[in-house]
Amino acid sequence: MSLCIGLTGGIGSGKSTVAALFAEHGAGIVDTDAIARRLTETGGGAIEAIRAAFGSGYITNDGALDRAKMRGLIFSDDGAKQRLEHILHPLIRKQAKVQLRQLQDKPYIILVVPLLPESPAFRQLVQRVLVVDCDENTRIARVIDRNKMTGEEVRAILARQTPRAERLELADDVIRNDTGMDSLSEQVSILHERYTGAQSSL
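Residues numbered from 1 in each chain as written. Predicted model: local features only at pLDDT ≥ 70, side-chain atom pairs only at ≥ 80, totals over all residues. Heavy atoms only, no water.

Chemist: Help me understand the sheet that holds strand β3 (residues 108–112) in this model?
Modeler: Note: strands within a sheet are paired through backbone hydrogen bonds, in either parallel or antiparallel orientation. Spatially, the five strands line up as an open sheet ordered β2-β3-β1-β4-β5, and their pairing is parallel. In this open sheet, the two strands that pair with only one neighbour each are β2 (28–31) and β5 (173–176). Across the sheet, the axes of successive neighbouring strands diverge by a mean angle of 25°, strand direction being ignored. As defined by bridge partners, strand β4 (residues 128–133) adjoins β5 across four bridges and the pair is classed as parallel. Within the sheet, the bridge partner assigned to aspartate 133 lies in β5 and is arginine 176. The sheet strands contacting helix α2 (residues 32–40) are β2 and β3, and the helix crosses β2 at an angle near 50°. (Pairing = 2+ DSSP bridges. Helix = DSSP H or I, 4+ residues; strand = E, 2+ residues; numbered from the N terminus. Axes fitted to C-alpha atoms, helices over the stretch in contact; angles between N-to-C directions. Contact = heavy atoms within 4.5 Å.)

Chemist: Where do I start with the packing of aromatic side chains in this structure?
Modeler: The description of an aromatic ring pair rests on the distance of the ring centres and on the angle between the ring planes. With the rule as written, the count across this model stands at four aromatic pairs. Pairing phenylalanine 22 with tyrosine 195 gives two aromatic rings, centres 6.1 Å apart and planes at 25°, and the pair type is stacked. Of the two residues, phenylalanine 22 is situated in helix α1 (residues 15–24) and tyrosine 195 in helix α10 (residues 181–197); the sequence distance between them amounts to 173 residues. Each member of the pair, phenylalanine 22 as well as tyrosine 195, is classed as buried. Cluster of aromatic residues (ring-pair linked, three or more members): Phe22, Tyr108 and Tyr195. Positioned above the aromatic ring of tyrosine 58, the side-chain terminus of lysine 69 is 5.0 Å from the ring centre. Note that arginine 93 overlies the ring of phenylalanine 122, its terminal NZ or CZ placed 5.9 Å from the centroid. (Phe/Tyr/Trp six-rings, centres within 6.5 Å; stacked < 30°, edge-to-face > 60°. Buried < 20%, exposed > 50% of the residue type's maximum accessible area, 1.4 Å probe, protein only. Lys NZ or Arg CZ within 6 Å of the ring centre and 35° of its normal.)

Chemist: Would you explain the pattern of salt bridges in this entry?
Modeler: A side chain of one charge can pair with a side chain of the opposite charge when the charged atoms of the two come close. For the structure shown, the criterion picks out seven salt bridges. The residue lysine 81 makes a salt bridge to glutamate 85 at a minimum N-O spacing of 2.9 Å. Taken together, the positions of lysine 81 and glutamate 85, both in helix α5 (residues 78–102) and four residues apart, correspond to about one turn of that helix. Of the residues examined, glutamate 85 reaches a relative accessible area of 22% and is grouped as partly exposed. A salt bridge links arginine 176 to aspartate 178, with the nearest nitrogen and oxygen atoms 2.4 Å apart. Residue arginine 176 is classed as partly exposed on the basis of its relative accessible area of 32%. Of the residues examined, aspartate 178 reaches a relative accessible area of 30% and is grouped as partly exposed. Each of Asp133, Arg164, Arg176 and Asp178 takes part in salt bridges that share partners, so that together they form one network. (Salt bridge = Lys/Arg side-chain N within 4 Å of Asp/Glu carboxyl O.)

This is the structure we're talking about:
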């Protein structure tokens, strides 16, 4: 059974960049955000359940989830957020387990789960937790630039995520991502050696 590391971090921390660096070292990667996107794109496996729960107004003309409209709803309505998670999370876990089985020939697997601190079901799938961490202002600036969102919108997302201190408490390993790609690559290389060489004892 391949070692499975749960990779998590707040929005804008650089989880995808870190996962890509691990992939370059030969790690298997399972990205729950990518699974969620496939489930909610045109023809995705979650679309009809979302339509039934929220109405056709939350589905675009080409049959995908209207992400901007849904984001607006779930940030103003906790009940809506829970209904959406009730639809998506079991489907994401099912797909993640399939991918984990398919990657058992890899030296180890990185399971990217932004909501890992809030999800005991996903924590049961991993043997270690790796947190990508950086300063909050850096994260805000990255998300504004990447997603073309306002600072207020990004801070609203941050306010609803697991606090940084709690996420770090959960960590077995931490990567700092606020000093450039050279440092990031070096930290990933060190952990790659650890995960590869010490899998049997972790």
